[in-house]
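# Coordinates in review
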Amino acid sequence: MALLPRRFLCFVLAHHFITATACQEADYGWMIRHYCLKQFQLSMEGIGQRLWCDWDETVGTYGELTNCTALIAERLDCYWPNRLVDEFFVAVHKQYFRNCSPSGRALHDPPNGILCPFILLPVLVTLLMTVLVVWRSKRSEGIV
C-alpha cells in the first residue's frame, strides 16, 4: 500500500518535470526580443523620451508588451512569468524607465488652484490667531 502513493508521487513529479522542460527557452527569448521588444521600441519612440515616465502615456504600450510575452509563452508551452521574462523586463526597465520615480508618475507641482489654498489657509489662520491674542491681551489690561 505504501508503494502506491510513492509511485503516484513519482508520476506527478515526472509529468511536472517533462511539462516544465517542454519550453524552448532559446526560441522564447529570441521571439520576445524580436517581436515584442521591437514593437515596444517603435511605440516608445512614437511617445517620445520626454513622456516615458508619464504612466498615462506608457501604460497601454507596457500592457501590450506584457501581453505579447504572455502570448508567445503560451504558444511555445512555456510558463509565464519565468526567469527569461523577469530578465527581459529588468532590461526594459533599465533602458526606458531608469530615470523615473518609483511611483511611475512624473513628479510635478499640483495646479495653483489646489496648491494656493494649502499655503494661504495656514498663513491666514496664524495671522488671525496672532491678532486675536494681541487684541485679547490689550482688552483685558483694564479689567482687574
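Coordinates for the structure precede this section.
Residues numbered from 1 in each chain as written. Predicted model: local features only at pLDDT ≥ 70, side-chain atom pairs only at ≥ 80, totals over all residues. Heavy atoms only, no water.

Another aspect to go through is helix α4 (residues 83-96). Between its terminal C-alpha atoms α4 stretches 20 Å, which fits the 20 Å expected from 14 residues at 1.5 Å a residue. Of all the positions in α4, only L84, V85, F88, F89, V92 and Y96 are classed as buried. In an axial view of α4, the angular spread of the buried residues amounts to 125°, which keeps them on one side of the axis. If you follow the buried residues of α4, they end up packed against α2 (25-47) and α3 (55-75). A distance of 3.0 Å separates the backbone nitrogen of L84 from a side-chain oxygen at the start of α4, and that oxygen is part of N82. (Helix = DSSP H or I, 4+ residues; strand = E, 2+ residues; numbered from the N terminus. Expected span 1.5 Å × (residues − 1). Buried < 20%, exposed > 50% of the residue type's maximum accessible area, 1.4 Å probe, protein only. Arc of directions from axis to C-beta. Contact = heavy atoms within 4.5 Å. Polar contact = N/O pair within 3.5 Å; in protein donor to acceptor, adjacent residues only side chain to side chain.)

So, on to the environment of C36. Considering the arrangement of structural elements, one finds C36 in helix α2. Note on C36: relative accessible area 2%, which makes it buried. Separated by 31 residues in sequence, C36 and N67 have C-alpha atoms that sit 9.0 Å apart. Contacts of C36, omitting those with residues within four sequence positions, involve M31, L65, C68, T69 and I72.

Let us look at the packing of aromatic side chains. Tallied over the entire structure, the rule returns eight aromatic pairs. Each residue in the set F40, W52, W55, Y62, F88, F89, Y96 and F97 is aromatic and connected to the rest through ring pairs, giving one cluster. (Phe/Tyr/Trp six-rings, centres within 6.5 Å; stacked < 30°, edge-to-face > 60°.)

Take the pattern of salt bridges next. If charged atoms from side chains of opposite charge come close, those side chains can pair. For the coordinates displayed, the defined rule picks out two salt bridges. One salt bridge connects R83 with E25, and the closest N-O pair in it is separated by 2.8 Å. Here R83 is found in helix α4, whereas its partner E25 is found in helix α2, with 58 residues between them in sequence. Taking relative accessible area as the criterion, R83 reaches 46% and is therefore assigned partly exposed. Linking R83 and E87 is a salt bridge whose minimum nitrogen-to-oxygen distance equals 3.2 Å. Here the residue R83 and the residue E87 both occupy positions in helix α4, the gap between them amounting to four residues, near one helical turn. On the accessibility criterion, E87 (43% relative accessible area) is partly exposed. (Salt bridge = Lys/Arg side-chain N within 4 Å of Asp/Glu carboxyl O.)

Simply put, the disulfide is a covalent bond whose two ends are the sulfur atoms of two cysteines. All told, the structure shown has two disulfides when counted by the stated rule. One disulfide in the model links C36 with C68; its S-S distance is 2.0 Å. Across the S-S bond linking C36 and C68, the dihedral sits near -80°, which makes this disulfide left-handed. Pair noted here: C36 is in helix α2 and C68 is in helix α3, with a separation of 32 residues, a long-range link. Residue C68 is classed as partly exposed on the basis of its relative accessible area, which comes to 22%. Note that C53 is cross-linked by a disulfide to C100, the S-S spacing being 1.9 Å. Residues C53 and C100 are joined by a disulfide whose S-S torsion is about -85°; by sign, that bridge is left-handed. (Disulfide = S-S within 2.5 Å.)

Geometry only, nothing functional implied.
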